[in-house]
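# Inside the fold
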Amino acid sequence: MKKILIFKKNSGFILITGLIILLIMTLIILYSMATSVSQEKTSGGLEDENISLQNAETALRYAENYLFNTNVPASSFNTACTGGLCLPSVSPPQQWQSITWTTDTTHTISLPAGTIPNTSIQPKSIIELLGDAPVPAGESMKMSSNNTAGAIYRITTVAFGNRNATMTQLQETYVKR
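Heads up: these notes are all about the structure in this document. (Residues numbered from 1 in each chain as written. Predicted model: local features only at pLDDT ≥ 70, side-chain atom pairs only at ≥ 80, totals over all residues. Heavy atoms only, no water.)

## Side note on the pattern of salt bridges
This is how the line gets drawn: By convention in these notes, a salt bridge is any Lys or Arg side-chain nitrogen within 4 Å of a carboxyl oxygen on Asp or Glu. Put simply, DSSP marks the helices as runs of H or I at least four residues long and the strands as runs of E at least two long, and each gets a number from the N terminus on. Relative accessible area decides the class of each residue, using a 1.4 Å probe on protein chains only: under 20% of the type maximum gives buried, over 50% gives exposed, and in between gives partly exposed.
Under the definition given, this model contains five salt bridges. Of the charged contacts in the structure, one is a salt bridge between arginine 163 and aspartate 48, with a shortest N-O distance of 3.3 Å. Taken together, the positions of arginine 163 in the loop between strand E4 (151-160) and strand E5 (167-176) and aspartate 48 in helix H1 (residues 13-69) put the pair 115 residues apart, joining distant regions of the chain. Owing to a relative accessible area of 46%, arginine 163 belongs among the partly exposed residues under this scheme. The class for aspartate 48 is buried, based on a relative accessible area of 4%. It is possible to trace a salt-bridge network through shared partners that takes in Glu57, Arg61, Glu64 and Glu172.

## Focus: unusual backbone geometry
Omega for the peptide link from proline 92 to proline 93 comes to -5°, which places this bond in the cis form. With phi around 65°, cysteine 81 is a residue other than glycine that occupies positive phi space. Judged by its relative accessible area of 2%, cysteine 81 is buried.

As structure tokens, this is what we get:
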């Protein structure tokens, strides 16, 4: 006896369902990849900001040590900011606002070349002589009755990360007695 096979027409329902499932899986994979790339960029930017902050802290300590270990006469400070030793501006902009930090080497104190590896530009600082502080060490300005003199300085540092676009500026007031 012969068997007769009867084929029914398929309407393509399985094919369409399979393509829709494949499309959905592709979209999920593409979204996951985009999210992963975005997170990687964010973490890279945060790492560069952290490097920039650490470089700025290093420059602050360098400037503090410079003041602590060097007897810099008040006559060395001027409004031209020669060698990074400045007198504050009488009118805006302030000294630290008018310096081109990426290229200026005449009006800033730079860390020696190679001090901080893997940075686009070595950190730079300026030191402004603000005046005398008639307050003994460890006391606040309001509570002091002793007139032990000391000089007040404003140290401003700018540092960069691995890219020039990542910049951190720190400023502190330092009193030397």
